[in-house]
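Each chain is listed here by its residues.
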Amino acid sequence: MDTFESIVLGIVEGLTEFLPISSTGHLMVTSSLLGITPDAFLKAFEVAIQFGAILAVVVLYWKRFFKSLNFYYKLFVAFLPAGILGFIFIHKIDEMLGNVMVVVWTFFIGGVILLFVDRWFRNAEKQPDKEVKYNNAFIIGLFQALSMIPGVSRSAATIVGGLTQKLNRKSAVEFSFFLAVPTMFVATAFKLYQFYKDPTNGGGFHGQEIGLLLIGNVVAFIVAMVAIKFLITYLQKHGFRVFGVYRILAAIAIYWLHRSGVQFVL
């Protein structure tokens, strides 16, 4: 990997982490099309640059993170389902990451669902701002657990989960942002630990790799700041339909590239 490739992946991460289109699937496609060697560093890099994206949430909503301890308790409750299931099924998840057809199908099915979300929750914008209770947080966490399947989109799953709990779009989207912080922090820390402990990696990251990680995170942070503000504004005015159409078209494109001989590796 070189500097240009780390910048491109940082842009993709920042754009797709909070939009309901799946950052994992997009990073897989982008790294494959760029021809980046699918080694252990690439796998660690694609997870580690999530730190830049979650930092954008902390910066934009810093006041919420100092509001009360209940805020953190609810995030913990919402994190539990994905944390527990991720630990139990980690090897199965890694296996699915290597199957491009899993991404094709999750892109497509997720796209179809997003086409109808606005109809299913047509009264969402009429709902007043609602405080997320512990039972709401846990159910949203169950939806987040679905995002362990590559291509599902953590953002889409948690936003829809919030809408099922009668949150309006803005509240559902914001809680999705907040829940991303502990979820992606733990995922990043675990992936970096795995990389560091792997004896084949020579004892962790080296000079050039550290530089690439810093570049990728800075780019992801800047782009995520823009993407977060865009999503809040766009969804309040237009809804999810365009993201559904995009996911369906992306699924068709990935399938066509796969059938044409492009090797997708994550």
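Residues numbered from 1 in each chain as written. Predicted model: local features only at pLDDT ≥ 70, side-chain atom pairs only at ≥ 80, totals over all residues. Heavy atoms only, no water.

Engineer: Would you mind going over the pattern of salt bridges with me for this structure?
Structural biologist: Opposite charge on two side chains permits them to pair, given that their charged atoms come into close proximity. Under the counting rule described, the total for this entry stands at four salt bridges. For the salt bridge of Arg 64 with Glu 174, the shortest nitrogen-to-oxygen distance reads 3.8 Å. With Arg 64 in the loop between helix H4 (50-60) and helix H5 (69-88) and Glu 174 in helix H10 (residues 169-197), the pair connects residues that are 110 residues apart, well separated along the chain. For Asp 118, the salt bridge goes to Arg 169, with nearest N and O atoms at 3.2 Å. Residue Asp 118 is found in helix H7 (residues 100-120), and its partner Arg 169 is found in helix H10; the two are separated by 51 residues along the sequence. Neither residue differs from the other here; Asp 118 and Arg 169 are each classed as buried. If you follow the salt bridges from partner to partner, you end up with Arg 64, Lys 170 and Glu 174 in one network. (Salt bridge = Lys/Arg side-chain N within 4 Å of Asp/Glu carboxyl O. Helix = DSSP H or I, 4+ residues; strand = E, 2+ residues; numbered from the N terminus. Buried < 20%, exposed > 50% of the residue type's maximum accessible area, 1.4 Å probe, protein only.)

Engineer: Where do I start with the side chain of Arg 247 in this structure?
Structural biologist: Position of Arg 247 relative to the elements: it lies in helix H12 (residues 241-259). Glu 17 provides the closest opposite charge to the buried, salt-bridge-free Arg 247, at an N-O distance of 11 Å. Look past the residues within four positions of Arg 247 in its chain and what remains in contact with it is Pro 20, Ile 21, Ser 22, Thr 106, Phe 107, Phe 108, Gly 110, Gly 111, Leu 114, Gly 151, Val 152 and Ser 153. (Lys, Arg positive; Asp, Glu negative; His and termini not counted. Contact = heavy atoms within 4.5 Å.)

Engineer: Got a minute to help me understand a nonpolar patch on the surface in this structure?
Structural biologist: A cluster of nonpolar residues, Phe 51, Leu 55, Val 58, Val 59, Phe 185 and Val 186, forms a patch on the protein surface that exposes about 460 Å² of accessible area. When contributions to the nonpolar patch are tallied by element, the ones reaching two or more residues are H4 and H10. Among the structural elements, Leu 55 can be located in helix H4. Judged by its relative accessible area of 36%, Leu 55 is partly exposed. (Patch = residues over 30% accessible without salt bridge, like charges linked within 9 Å, V, L, I, M, F, W, Y side chains within 5 Å. Areas by Shrake-Rupley, 256 points an atom, 1.4 Å probe, with all protein chains shown as cover.)

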